Every structure is written in structure tokens, then in C-alpha cells.
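Secondary and tertiary structure notes
Below, each chain spelled out in residue letters.
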Amino acid sequence: MTARPRPVATRPRPVTGGPRLVVVGDPAGRRVAFFQDALRTAGLPGARVVSWPDVLRGRARFAAGETVRLDSPGEDAEADRLLRDVDDPARVEGSGLWYERFTAAVAGLAVSVADAGATLVDDPGELAVLFDKRLGHGRLRAAGVPVPESPTSGAAAPVVRGWADVRSLTGRPGMRRVFVKLAHGSSASGVLAVETNGAGRVQATTSVERGPGGRLFNSLRVRRYTSESEVAAIVDALAPDGLHVERWLPKATQGGRAADLRVVVVDGRATHAVLRTSRSPMTNLHLGGARGDLTAARAAIAAAGGRWEDALGVCERAAAAFPGTRCVGVDLLPAAGWRRFAVGEVNAFGDLLPGLTGLPGSGCEGLDTYAAQVASQFPHPRRAPREPGPIGGTPPGTAPTGTAPPGAAPLSAAPLSTTPPSTTGTSTT
């Protein structure tokens, strides 16, 4: 068995009572284990663990003075069954029911925590927005964060009821290449990269596999459907769970592979970043994506006349749209040429990046994402609080981060890419 990476050791503090922490998550999962490691390394007492099935069944109890952290239920098979009513975790369907039950459970948990005199770390209302790609996109757009063009952005956007609606949307200028996403999906589940050429022919690249009886399954193999009837059947099957459609932006490449970044923002500051590359439209590691060369990406940004600090600044602005959530993972999409950036998504549980330590100048050098959160929430008494620095900030008087240089077309009006599908992509949680 491969040993799990551990946070870089620091001098532990003596445990003298300390905070009374509770983490709601998968007791046997990696996320909880990493968080417990970070607490021990910081010299803090371990957290009491409450499972998501206990929350969903109404069995969770809290006590006065406890601080409650919510983590993802994603690795807990029992929680998945309770949330989606499916016996096979590879099934795609059920994300709408998952969202309904998850947000209801979080709202009930928040009441229980408050009634007990405990404290919930993050805002449950923001969690409901973060887990709806349509609402999250709308909030980012309203905050002036650069995002791909989307006709389904915001609560007032029209509902996509099936392939006929998607087909109509792809007829709009600049929308021949779009991503069709489950509104409440994660880990690229149910994502289709759809292309329509001038003659009206359609093809879609996706990890969705059609099974017997039209059932849909997540596969580790990305495949391409070139029949419109097959694409339509998949979209029609996904539509009842809710769909989000956004423009497929031409993206920067590294070594002939599509490139994007996951940037972790802790308490408003970008602390960790990883470059992800892929030959398919999805950069997720489980679908064949790989970690790229972040140093080379920073050099490409500089060579294009951009600044790494501005790229991180886009992520910090995105995180600022969710001020009640202490840690988020931002999917940053660099445009072709590495000069401009857009935000694909903001992820509530986007901190699972094993072995990745903090960016130089972030104040989290040598710390993994969990240790960085612990250090921010429970700073060492002899350590001065970190002040916002230039790593992610935009100097006063400069143009808003992510905007085009004078005379250039705005990001939403960028020309269609002529790059083959195998070299462009997006990232989803």
C-alpha cells in the first residue's frame, strides 16, 4: 500500500485543552485523515468525526463550544446511496436528488449546530450556491469575475429541458462549441464537450458510457459520440437532473496538451496551485489528466506580457464572491496565449491535492492545503497574522484582473478556436 503524503513537520504546540473540533465527513476517507494529520502536526487535539450517513439519518449531535467543519461526502458509498438512491456509484443519474437532499441535510445540520451552541465554520447558504453551477456562475458574473459566456447563468436563466434546447443554444453566435454540464455534478460526471460545425453536424466528447436500457455510467475512458441521436439521448437522460451550458473557451496548452489550474484560496489568499494538462477536453486526473509544469506556465504568462499575480488575483476575486466559505478550490482557465484568464468553477471541497505544498510568498510554504487551513484558523500565538501581499493582489490603480488589454476584444467575444478538440478542454470538480 502506498503511504499517504504527510504535511511537512513543524514544531508542535503543547496541547492545553485547545479547540473542540468536529469534522463531518467520511471517517475512513482521505480528506478526514489529511485534516487529522494537519491538526496533530500543529500540536492540536484531533477532531471528533461525524459521518454523513449519521447526518442524513438525523443521528448527528453537537455540543456547546464545538467548532464544526464540513467536508465532502464524495468518498462515502453509503452516503452516496442515501443521497441519490442508486446502488452503483458509477451511475451518472441522480445528481438533482443528491443536491436536494444534501442541501436540506446541511440546512438541518446548521440548525442543530446553532441550537447546541456550537459554531459552523462555513455558510450553508453559500454551499447551496457552490453546488449549483448555474447559481455559482451567476454569482461570479455579478461580481465581475471573468467567466465563460453562458445562457444558463443565474437563477432567472431559462431551464434546459433536453437536447432540443441545447441544439437551439448552440445556434447562437460563438456557441458552436459548448460544455454541457450537470448543474450539480462533480469530478466531470455527466460533462459533454459538444461541437457543432457549419453544416450542423454534431459530436460530443465525454466520459459518459451508455449502458443497457439507456442507463448512463461514468467511465475512466473518455470517448467521442459522432451521432446526433446518441448525443441527444444522453442529454435528454441527464436533463431532469438540471443542466448548465457554457461556452467552450479556447485554452492555453503545454506540450500539446490543454492546460488549466486548480488554485486553492484560504481565507481570501491564494495559497496552492497545480497545473493540470490533458489531451481530452477534461483535465481531471482520473480521466487521464496529469500535473503539468507550473514553473513553465508562469514563464509562459510572463512571456505573454501577463503577471502570475494577476492570475492568482482572479482566483481571489472569485473566492471573495463567497465570503462565508473559508477555503475554496478555483478552476482557472488560461486563454490561448496565456495572457487572459477566466474562472470555470469555484469548488467548495476543492482542497484534495495530496503532497502539494504552498506557493512561494503565500505564507504557506511547506504546508499542504489542510495544514494551511489549520494554520489560518488557529494561528500560532507567537506568529504574527499574515498581511495580504503581492502574490495574489492587484496593485491600486491597475485594470481589473482578467480584462483584456486596451483595444482587445473582451474575453466573451474571443474568436472561435481552430485548435483540434484533443488540445483544448475544461476542468470540473
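Notes on the structure in this doc start here. (Residues numbered from 1 in each chain as written. Predicted model: local features only at pLDDT ≥ 70, side-chain atom pairs only at ≥ 80, totals over all residues. Heavy atoms only, no water.)

**Considering the overall build of the protein**
Here is the rule: Numbering of helices and strands runs from the N terminus, with a helix taken as a DSSP run of H or I at least four residues long and a strand as a DSSP run of E at least two residues long. Note on classification: 1.4 Å probe, protein chains only; a residue is buried when its accessible area is under 20% of the maximum for its type, exposed when over 50%, partly exposed between these limits. Residue burial considers only the protein chains on display, and all accessible areas are found by Shrake-Rupley using a 1.4 Å probe.
The helix and strand tally for the protein stands at 11 helices and 15 strands. Per-residue burial for the protein yields a buried fraction of 55% across its 429 residues. When the accessible surface of the protein is summed, it comes to about 17,800 Å², and 54% of that surface belongs to carbon and sulfur atoms.

**A short note on the pairing of strand 7 (residues 202-210)**
Strand residues, when the strand is regular, have side chains that alternate between the two faces of the sheet. Definition in use: By definition, two strands form a pair when at least two bridges between them are found by DSSP.
Most of strand 7 is tucked away, with seven of its nine residues classed as buried. Two strands pair when backbone bridges link them, and strand 6 (residues 192-196) and strand 7 are joined in this way by five bridges, in the antiparallel orientation. Its bridge partner being in strand 7, L192 is matched across the sheet by T206. Hairpin connection from strand 6 to strand 7: five residues lie between these consecutive antiparallel strands, with G200 at a positive phi of about 90 degrees. By the bridge criterion, six bridges tie strand 7 to strand 8 (residues 216-225) in an arrangement that is antiparallel. Each residue of the ladder has a partner; that of E209, found in strand 8, is F217.

**Observations regarding the packing of helix 1 (residues 30-41) against helix 11 (residues 369-377)**
Applicable threshold: To get an axis, fit a line to the C-alpha atoms, keeping to the stretch in contact for a helix; angles then go from 0 to 180 degrees between the N-to-C directions. An angle counts as roughly parallel when it lies under 35 degrees, as roughly antiparallel when it exceeds 145, as roughly perpendicular when it falls between 65 and 115, and as oblique in every other case. Two helices that cross are described as forming a left-handed crossing if the nearer one is turned anticlockwise from the farther one by less than a right angle, and a right-handed crossing if clockwise. When checking whether two residues touch, look at their non-hydrogen atoms; a contact exists if any pair is within 4.5 Å. All amino acids are sorted into three groups, where Ala, Val, Leu, Ile, Met, Phe, Trp, Tyr, Cys and Pro are nonpolar, Asp, Glu, Lys and Arg are charged, and the leftover types, Gly among them, are polar.
At a closest axis distance of 8 Å, the pairing of helix 1 and helix 11 adopts a crossing angle of 50 degrees. Classed by the angle they form, the pair helix 1 and helix 11 counts as oblique. Our pair here, helix 1 against helix 11, has a crossing hand that is right-handed. Across the interface between the two elements, R31, F34, F35, A38 and L39 of helix 1 pack against Y370, A371 and V374 of helix 11. Along the lines of polarity and charge, the residues of the contact of helix 1 with helix 11 split into seven nonpolar, no polar and one charged.

**Let's talk about the packing of helix 3 (residues 77-84) against helix 4 (residues 95-116)**
In contact at an axis separation of 7 Å, helix 3 and helix 4 are set at 100 degrees when each is read in the N-to-C sense. One way to sum up the angle between helix 3 and helix 4 is to call them roughly perpendicular. Contact residues: helix 3 offers D80, L82, L83 and R84, while helix 4 offers S95, L97, W98, R101 and F102. Per-class residue counts for the contact of helix 3 with helix 4 are five nonpolar, one polar and three charged.

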